[in-house]
Amino acid sequence: SNDAKANIGVVGMAVMGSNLARNLASREGNTVAIYNRSPEKTHEVAKNHPEANFVASDTIDEFVASLAKPRTAIIMVQAGAGTDAVIEQLKERFEPGDIIVDGGNANFHDTIAREAKIAPTGIHFVGAGISGGEEGALKGPSIMPGGTAESYETLGPILASIAAVAEGEACVTHVGTDGAGHFVKMIHNGIEYADMELIGEAYDLLRNVAGYTPAQISEIFATWNRGPLNSYLIEITIDILKHVDAETGKPFVDIVTDQAGSKGTGVWTVQTALDLGVPVGGVAEAVFGRAVSSKRNQRDAVRALGIERPTAPRVDDSFVDDVAKALYASKIVAYAQGFDAIIAGAEKYGWNIDKGAVAKIWRGGCIIRAQFLNVLADAYETNPNLATLLEAPYFAQAIRDGEEAWRRVVITATQAGVPVPGFATALSYFDSLNVDRLPAALVQGQRDFFGAHTYKRVDKPGTFHTLWSGDR
Ligand code: ATR
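First, a word on scope: everything that follows refers to the structure included in this document. (Residues numbered from 1 in each chain as written. Predicted model: local features only at pLDDT ≥ 70, side-chain atom pairs only at ≥ 80, totals over all residues. Heavy atoms only, no water.)

## Side note on the packing of helix α15 (residues 318-349) against helix α18 (residues 393-416)
Put simply, the rule reads: For helices, the axis comes from a line fit to the C-alpha atoms of the stretch in contact; other axes are also lines fit to C-alpha atoms, and the angle between any two N-to-C directions lies between 0 and 180 degrees. Note on conventions: DSSP H or I runs of at least 4 residues are helices, E runs of at least 2 residues are strands, and numbering of each starts at the N terminus. When an angle is under 35 degrees it counts as roughly parallel; over 145 it counts as roughly antiparallel; between 65 and 115 it counts as roughly perpendicular; any other value is oblique. We call a crossing left-handed when the near helix sits turned anticlockwise from the far one by less than a right angle, and right-handed when that turn is clockwise. Contacts are assigned to residue pairs with any non-hydrogen atoms lying within 4.5 Å of each other. Classification used: nonpolar for Ala, Val, Leu, Ile, Met, Phe, Trp, Tyr, Cys and Pro, charged for Asp, Glu, Lys and Arg, polar for all others including Gly.
Close contact between α15 and α18 brings their axes to 7 Å; oriented N to C, the two are set at 120°. Judged on the interaxial angle alone, α18 and α15 are oblique. As α15 runs across α18, the sense of the crossing is left-handed. Together, Phe 319, Asp 322, Val 323, Lys 325, Ala 326, Tyr 328, Ala 329, Ser 330, Ile 332 and Val 333 of α15 and Tyr 394, Phe 395, Ala 398, Ile 399, Asp 401, Gly 402, Ala 405, Trp 406, Arg 408, Val 409 and Thr 412 of α18 make up the contact between the two elements. The residue inventory of the contact of α15 with α18, partitioned by class, reads 14 nonpolar, 3 polar and 4 charged.

Written out as structure tokens, the structure is:
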């Protein structure tokens, strides 16, 4: 229509949608159309943010008419049914070449299915992972769009205008076709789970083995934050640990119920990794760790047995450094596993994913942002065909430097009865890759014994089966 003036529209004026719309409006060259199912929200956002000069619509028809062609709309509504409802409304009104972006936390399988359904109409459907929460949406998120390369020509510059900036580069890249963006966002969240679990275990060890107070641990983390562990998650942990509850004067961590919730993206990562046959123990233990924490009745039942936790072995100051090294080595493993899942997903779903580019767009805006990702990007840029991140020279050196400390920490934790599922699974994973012979040979024997599943030999080619009946 003639009065179409917005180059970009946002559907959904809840917190994420309105923040993203405000971010878009704050950038030179953007005029932003807004729409929400309940018009009161649209009015409120427009009224509270006159500086944004929003083009506000009460109906979906007005909204679509307010968009210049090719029309581009970002959907920021409740995942699932809400997203499907809005996609339908836009699909009925959009024309070939227009672009529908789902910026919500969709499951990548849904994104693949939605894209396949819309593609024949000539309308582009783009699933875009947006990380960074409310603040990221407003000030600059990390954005992981999928969809066609063609749609990215229009969408790329708009997304780049609002993305976080890390070392001069916008934290957005065309991840791959159809569901690639939501897939990579899911893996990001999985890694985030693992990272949080590991930081939690480090805190627990410093508190319950070394005996430091939360305030002291906050200071220890502050020193770590000046080294290779530097990251947003360590940064917020420093603040959380020194926070004192105003009502009781107690450390904040002591007044919070120790039962962790989740919204499901960690579970998706593990489910997907199981399907792909990729070990992601770090993420799995993080998901399970939250699950264990919330089994209050089981925790009470076992505590009622009265089996006392062993007295923690005495440790000296060097323990702090050991924990830092164990944390770093375990973190490297978690990222190695996450990128293995990306590689396997790309292979299975036919995406051409640039691992270095993914690492780079995670340097800003998102929850796992860290200096570390520069080194990770370098590793994949130097050698895109790394068998594992662990073989990249920098990471191999970090593992070498940290290995003994890592073992001491897991041993000490075990002696002290402090659970370290994250540290321990990471170390076992490393050891599994590092040993000459794995007991998988015995498992193959068992499989051949009871199921005639056959085996291969180390000394000659071919497939073999032993007639086990003679051995019983
Ligand atoms: P947040 O977590 O950011 O608060 P959410 O619960 O994920 O938001 O999504 C809420 C948004 O989805 C709202 O904009 C809501 O519209 P209303 O304000 O009218 O409730 C929108 N939404 C949910 N279901 C929808 C549907 N079927 N059609 C259109 N919009 C829908």
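## Re a nonpolar patch on the surface
Stated formally: For patch detection, residues must exceed 30% relative accessible area and be free of salt bridges, and they are connected within 9 Å for like charges or within 5 Å for nonpolar side chains (Val, Leu, Ile, Met, Phe, Trp, Tyr). For the area figures, the Shrake-Rupley method with a 1.4 Å probe applies, and any residue is considered shielded solely by the protein chains shown. Whenever a carboxyl oxygen of Asp or Glu lies within 4 Å of a side-chain nitrogen of Lys or Arg, that contact is scored as a salt bridge.
A cluster of nonpolar side chains, contributed by Ile 240, Phe 252, Ile 255 and Val 256, occupies part of the molecular surface with about 280 Å² of accessible area. Within the element layout of this structure, Phe 252 appears in helix α11 (residues 252-255).

## Concerning helix α4 (residues 81-93)
For clarity, the threshold we go by: Multiplying 1.5 Å by the helix residue count minus one yields the expected span of that helix.
Taking 1.5 Å per residue, 13 residues should reach 18 Å; α4 reaches 19 Å between its end C-alpha atoms and fits that length. Of the surrounding elements, those touching the buried residues of α4 are β1 (8-11), α3 (60-65), β4 (72-75), β5 (99-102), α5 (108-118) and β6 (124-131).

## Some words on the nonpolar core
Applied cut-off: We define a nonpolar core as any set of buried Ala, Val, Leu, Ile, Met, Phe, Trp, Tyr and Cys residues linked to one another through side-chain atoms lying within 4.5 Å. Only protein chains enter the calculation, and the probe is 1.4 Å; a residue is then buried if its accessible area is under 20% of its type maximum, exposed if over 50%, and partly exposed in between.
Counting residues in each nonpolar core, the largest one holds 92 residues, and the members touching the most others are Leu 205, Phe 221, Trp 224, Trp 362, Leu 376 and Phe 423. Here this core gets 18 residues from one element, more than from any other, and that element is α15. In this structure Phe 221 touches Ile 199, Ala 202, Tyr 203, Leu 206, Ile 234, Thr 237, Ile 238 and Leu 241, once residues within four positions along its chain are discounted. Membership of the second largest hydrophobic core comes to 28 residues, among which are Val 45, Phe 54, Ala 128 and Ala 137.

## Focus on the sheet that holds β6
Threshold: Following DSSP output, two strands are said to pair if at least two bridges run between them.
Spatially, the 7 strands line up as an open sheet ordered β3-β2-β1-β4-β5-β6-β7, and their pairing is mixed. Edge strands, defined here as strands with exactly one partner in the open sheet, are β3 (55-57) and β7 (142-145). Averaged over all pairs of adjacent strands, the angle between their axes in this sheet comes to 25°, without regard to strand direction. Pairing analysis gives 4 bridges linking β1 to strand β2 (residues 32-35), with the strands arranged parallel. The residue of β2 that forms the bridge with Ile 8 is Val 32. Across the sheet, helix α2 (residues 39-48) is in contact with β2 and β3; its angle to β2 comes to roughly 145°. Sheet contacts for α5: β5 and β6; angle to β6, the most-contacted strand, approximately 155°.

## What about helix α12 (residues 265-276)?
The condition is simple: Think of it as the arc spanned by the lines of direction from the helix axis to the C-beta atoms.
Here α12 spans 16 Å end to end across 12 residues, near enough to the 16 Å set by a 1.5 Å rise per residue. Residues of α12 that are buried include every one of Thr 265, Gly 266, Thr 269, Val 270, Thr 272, Ala 273 and Leu 276, and no others. Projected down its long axis, α12 shows its buried positions confined to an angular sector of 165°, all on one face. Within α12, the exposed residues directed more than 90 degrees away from the buried face are Leu 274 and Asp 275. Looking at the buried residues of α12, the elements they touch are α5, α8 (180-208), α13 (281-293) and α15.

## Let's talk about the environment of Trp 362
By secondary structure assignment, the location of Trp 362 is in the loop between α16 (355-361) and α17 (372-382). Considered as a pair, Trp 362 and Leu 373 are 11 residues apart in the sequence and their alpha carbons are 7.1 Å apart.

## Overview of the site of the ligand
We count it as follows: It suffices for a single heavy atom of a residue to lie within 4 Å of a molecule or strand for the residue to be listed as near it. N or O atoms within 3.5 Å of each other form a polar contact, as long as, within protein, one can give a hydrogen and the other can take it, and as long as residues adjacent in sequence are counted only when both atoms are side-chain atoms.
Of all residues adjacent to the ligand, which total 14 residues, the nearest are Asn 36, Arg 37, Ser 38, Lys 41 and Gln 78. Taking Lys 41, its side chain carries an N or O atom lying 2.6 Å from an oxygen atom of the ligand. Contacts to the ligand include Gln 78, whose backbone N or O atom sits 3.1 Å from an oxygen atom. About the coverage of the ligand: the protein hides 69% of its 650 Å² of free accessible area. Those elements giving two or more residues to the shell around the ligand turn out to be α1 (15-25) and α4. Ranked by the residues each element gives to the shell around the ligand, the list is headed by α4, at 3 residues.

## Some remarks on the environment of Glu 150
Examined against the element boundaries, Glu 150 turns out to sit in helix α7 (residues 149-162). The exposure class of Glu 150 is exposed, given its relative accessible area of 52%. As a C-alpha pair, Glu 150 and Gly 122 span 28 residues in sequence and 11 Å in three-dimensional space.

## Quick look at the pattern of salt bridges
Opposite charge on two side chains permits them to pair, given that their charged atoms come into close proximity. One pass over the structure, following the stated rule, counts 25 salt bridges. Across the pair Glu 95 and Arg 71 runs a salt bridge, and its minimum N-O distance is 3.6 Å. Here Glu 95, found in the loop between α4 and β5, pairs with Arg 71, found in the loop between α3 and β4; they are 24 residues apart in sequence, far enough to count as distant. Arg 71 sits in the buried class, given a relative accessible area of 8%. A salt bridge links Asp 459 to Arg 457, with the nearest nitrogen and oxygen atoms 2.8 Å apart. The exposure class assigned to Arg 457 is partly exposed, which follows from its relative accessible area of 38%. Taken together, the salt bridges that share partners define one network made up of Lys 69, Arg 71, Glu 95 and Asp 98.

## Here we look at unusual backbone geometry
Lys 69 connects to Pro 70 through a cis peptide bond whose omega is -5°. The residue Pro 70 is located in the loop between α3 and β4 in this model. At Ala 452, a residue that is not glycine, the phi angle is positive and equals roughly 50°. Turning to its location among the elements, Ala 452 is positioned in the segment after α20 (440-451).

## Notes on the packing of α12 against α13
α13 packs onto α12 with a crossing angle of 135° between their chain directions and a minimal axis gap of 9 Å. Our classification of the angle between α12 and α13 gives oblique. As α12 runs across α13, the sense of the crossing is left-handed. Of the residues in α13, those touching α12 at Gly 266, Val 267, Thr 269 and Val 270 are Val 283, Ala 284 and Val 287. Of the residues in the contact of α12 with α13, the class split is 5 nonpolar, 2 polar and no charged.

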